[in-house]
Amino acid sequence: MYFRYLTFMLMILVSTRIFAFNLFVLIETSESSENNIKCALFNENLKESFPKKYDQAQLLDAMIENKKIMCKFENIPYGNYAVSIYNDQNKNNKLDLSFFGIPKEDWGVSNNIRHKMSSPDFEESQIMIDNDIEISIKLGNL
């Protein structure tokens, strides 16, 4: 009985690690000044919130590692996701928008989708997480 329990627990631990992946988001920016870049990871259940409702997503502060600006999301289950980033220049923890809904701060999304008159949607920005993956997002404004 104890052996079965031990085997079962070992299988759970192994399967959790096998099906949990890491996402490395490299951020390309022309700014050399201090930044306050935030990275948000949206899963398929949050696609209606993408790309601007950061409070509903998994939110990380970007870090500088080996002279590169990046975010590292760890232990992500297999599935479709989209990433949205922004530079919170005034440090108010939100992407500031104009009266017309146009971002005032630099931003970017996975697959580097940009439209002149609308926000990118989840489907065109999604990435499949089925192994450890590294993506690059350009931070900017229109």
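Thresholds applied
- Note on numbering: residues in each chain are counted from 1, in written sequence order.
- Selection of residues for local features in this predicted model requires a pLDDT of at least 70, selection of side-chain atom pairs for listing and counting requires 80 or more, and totals for whole chains, interfaces and linings are taken over all residues.
- The basis for every side-chain value is the complete set of non-hydrogen atoms in the structure, without hydrogens or water.
- Where helices and strands are cited, they refer to DSSP runs of H or I of at least four residues and of E of at least two residues respectively, numbered from the N terminus.
- Pairs of residues are marked as contacts when any of their non-hydrogen atoms sit within 4.5 Å.
- Here, patches come from residues exposed beyond 30% relative accessible area and free of salt bridges, joined within 9 Å for like charges and within 5 Å for nonpolar side chains (Val, Leu, Ile, Met, Phe, Trp, Tyr).
- To measure how exposed things are, a 1.4 Å probe is used in the Shrake-Rupley method; for residues, cover is taken only from the protein chains shown.
- In what follows, salt bridge is the name for a side-chain nitrogen of Lys or Arg lying within 4 Å of a carboxyl oxygen of Asp or Glu.
- Burial classes: relative accessible area under 20% of the type maximum marks a residue as buried, over 50% as exposed, and values in between as partly exposed (1.4 Å probe, protein chains only).

### Some remarks on the overall build of the protein chain
If you tally the helices and strands in the protein chain, you get two helices and nine strands. Mapped from its N terminus to its C terminus, the protein chain presents α and β elements in the order α-β-β-β-β-β-β-β-α-β-β. Look at the contacts in the protein chain between residues 6 or more apart in sequence, and 70% of them connect residues 24 or more apart.

### Details of unusual backbone geometry
Omega for the bond connecting Phe50 with Pro51 falls within 30 degrees of zero, at 5°, which places this linkage in the cis form. The phi angle at Lys67 is positive, at roughly 65°, despite the residue not being glycine. With respect to the helices and strands, the residue Lys67 is situated in the loop between β4 (63-65) and β5 (68-77).

### Points about a nonpolar patch on the surface
A cluster of nonpolar side chains, contributed by Phe99, Phe100 and Ile102, occupies part of the molecular surface with about 440 Å² of accessible area. Residue position: Ile102 is located in the loop between β6 (79-87) and β7 (107-109). The exposure class of Ile102 is partly exposed, given its relative accessible area of 45%.

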